[in-house]
Amino acid sequence: MAENAANAMDDHGDDDFQTGDAGASSTYPQQCSALRKNGYVMLKSRPCKIMEMSTSKTGKHGHAKVHLIGIDIFTGKRYEDICPSTHNMDVPNVKRVEYSVIDIDNDGYVSLMDDSSDTRSDIKLPEGDLGQEIRTKFENGDGVKVTVLQALGEEAIITCKLENDPKK
């Protein structure tokens, strides 16, 4: 009988687990009480930057609750959520990459080059003032660097500065 149990255990050794892409998971869990202001968290399935958070003590047998207010890092929309401090919340893996602007086409797409000279042309110029600022600086012949924020498969240009700007 012990031999059968050993064989049964051996059968599990060659299970084939399908793995997704090497995206290192787009989110990771973190205890609610460990989150900090200006950090990132998923609120209502959107990646948000935490603007405010407060903890409330509850009754005799209740759990402390954390009230989170965050701004969507791509749309700027405000989200709120309340969760027990002992529960885990998803935190998005947010990556910032700096690119030099090579060109801006008529459709509003920006050609970008990173530090290792790789180019890409799949990001649109942001709407509003930031987009205008990038276009104006570029048309003036200034070297423009933009910062692209990446999370959950979404990307957006969030800041720009002159390439030879001493304020780094």
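Residues numbered from 1 in each chain as written. Predicted model: local features only at pLDDT ≥ 70, side-chain atom pairs only at ≥ 80, totals over all residues. Heavy atoms only, no water.

An unreviewed UniProt entry lists the chain under the name Eukaryotic translation initiation factor 5A, from Adineta ricciae. The chain has a UniProt comment under Sequence similarities (unreviewed entry) that states "Belongs to the eIF-5A family." Among the UniProt annotations of the chain, the heading Subcellular location (unreviewed entry) holds the following wording: "Cytoplasm". (UniProt positions renumbered as here; feature names shortened; annotations may be inferred.)

J.: Requested: an account of the nonpolar core, with residues and values cited.
T.: With 14 residues, the main nonpolar core has Val 101, Val 110, Leu 112, Ile 134, Val 146 and Ile 157 as its most contacted residues. Counting residues per element, the ones that place at least two in this core are strand E7 (95-104), strand E8 (109-113), strand E10 (144-151) and strand E11 (154-162). By residue number, the principal contributor to this core is E7, which donates four residues. Beyond its immediate chain neighbours, meaning those up to four positions away, Ile 134 contacts Val 101, Ile 104, Leu 125, Pro 126, Val 144, Val 146, Ile 157 and Cys 160. (Core = buried A, V, L, I, M, F, W, Y, C linked by side-chain atoms within 4.5 Å. Buried < 20%, exposed > 50% of the residue type's maximum accessible area, 1.4 Å probe, protein only. Helix = DSSP H or I, 4+ residues; strand = E, 2+ residues; numbered from the N terminus. Contact = heavy atoms within 4.5 Å.)

J.: Residues and numbers for the pattern of salt bridges, please.
T.: For the structure on display, the rule yields nine salt bridges. With its nearest N and O atoms 3.2 Å apart, the salt bridge here joins Glu 80 to Arg 78. On the basis of relative accessibility, which here comes to 36%, the residue Glu 80 falls in the partly exposed class. Between Glu 133 and Lys 137 there is a salt bridge, with the nearest N and O atoms lying 2.9 Å from each other. A residue pair is termed a helical-turn pair when its members lie 3 or 4 positions apart in one helix, as Glu 133 and Lys 137 do in helix H2 (residues 128-139) at four residues. (Salt bridge = Lys/Arg side-chain N within 4 Å of Asp/Glu carboxyl O.)

J.: Explain the state of the cysteines to me, and be specific about the residues and the numbers.
T.: Scanning all chains against the criterion turns up one disulfide. Linked covalently through their sulfurs, Cys 32 and Cys 83 form a disulfide whose S-S length is 2.4 Å. Taken together, the residues Cys 32 in the loop between strand E1 (27-31) and strand E2 (40-43) and Cys 83 in strand E5 (residues 78-84) connect sequence positions 51 residues apart. (Disulfide = S-S within 2.5 Å.)

J.: Describe the sheet that holds E11, naming the residues involved and giving the relevant values.
T.: Ordered by their spatial adjacency, five strands build an open sheet running E9-E8-E7-E10-E11, and the pairing between neighbours is antiparallel. The sheet is open, and its two borders are formed by strand E9 (119-124) and E11, each paired with just one other strand. Geometrically, the sheet is characterised by an average inter-axis angle of 45 degrees between neighbouring strands, direction not taken into account. Relative to E11, H2 is tilted by about 50 degrees, and along the sheet it contacts E7, E10 and E11. (Pairing = 2+ DSSP bridges. Axes fitted to C-alpha atoms, helices over the stretch in contact; angles between N-to-C directions.)

J.: How would you summarise the environment of Ile 69 if you had to cite specific residues and measurements?
T.: Within the secondary structure, Ile 69 is located in strand E4 (residues 65-72). For the pair formed by Ile 69 and Lys 49, sequence separation is 20 residues and the distance between their alpha carbons is 8.5 Å. In contact with Ile 69, other than residues within four places in its own chain, are Leu 43, Lys 49, Ile 50, Met 51, Glu 52, Arg 78, Tyr 79 and Glu 80.

J.: How would you explain the pairing of E11 if you had to name every residue and give the values?
T.: One ladder, built from eight bridges, connects E10 with E11; its direction is antiparallel. The residue of E11 that forms the bridge with Leu 149 is Ala 156.

J.: Hey, could you go over H2 for me, with residue numbers and the actual values?
T.: For H2, with 12 residues, the first-to-last C-alpha span of 17 Å sits near the 16 Å given by 1.5 Å per residue. Where H2 is buried, its residues touch E7, E10 and E11. Phi turns positive one or two residues past the end of H2, at Gly 141, with a value near 85 degrees. (Expected span 1.5 Å × (residues − 1).)

J.: Which residues make up the sheet that holds strand E3 (residues 46-56), and what are the values?
T.: Working definition: the strands of a sheet are paired by backbone hydrogen bonds and lie parallel or antiparallel to each other. Reading across the sheet, the four strands line up as E2-E3-E4-E5 and stay open at both edges, with antiparallel pairing between neighbours. The strands lining the two open edges of the sheet, one partner per strand, are E2 and E5. Neighbour-to-neighbour, the strand axes of this sheet turn through a mean angle of 45 degrees, independent of strand direction. Note: E2 against E3, four bridges, orientation antiparallel. When the sheet's bridge partners are listed, Val 41 is paired in E3 with Cys 48.

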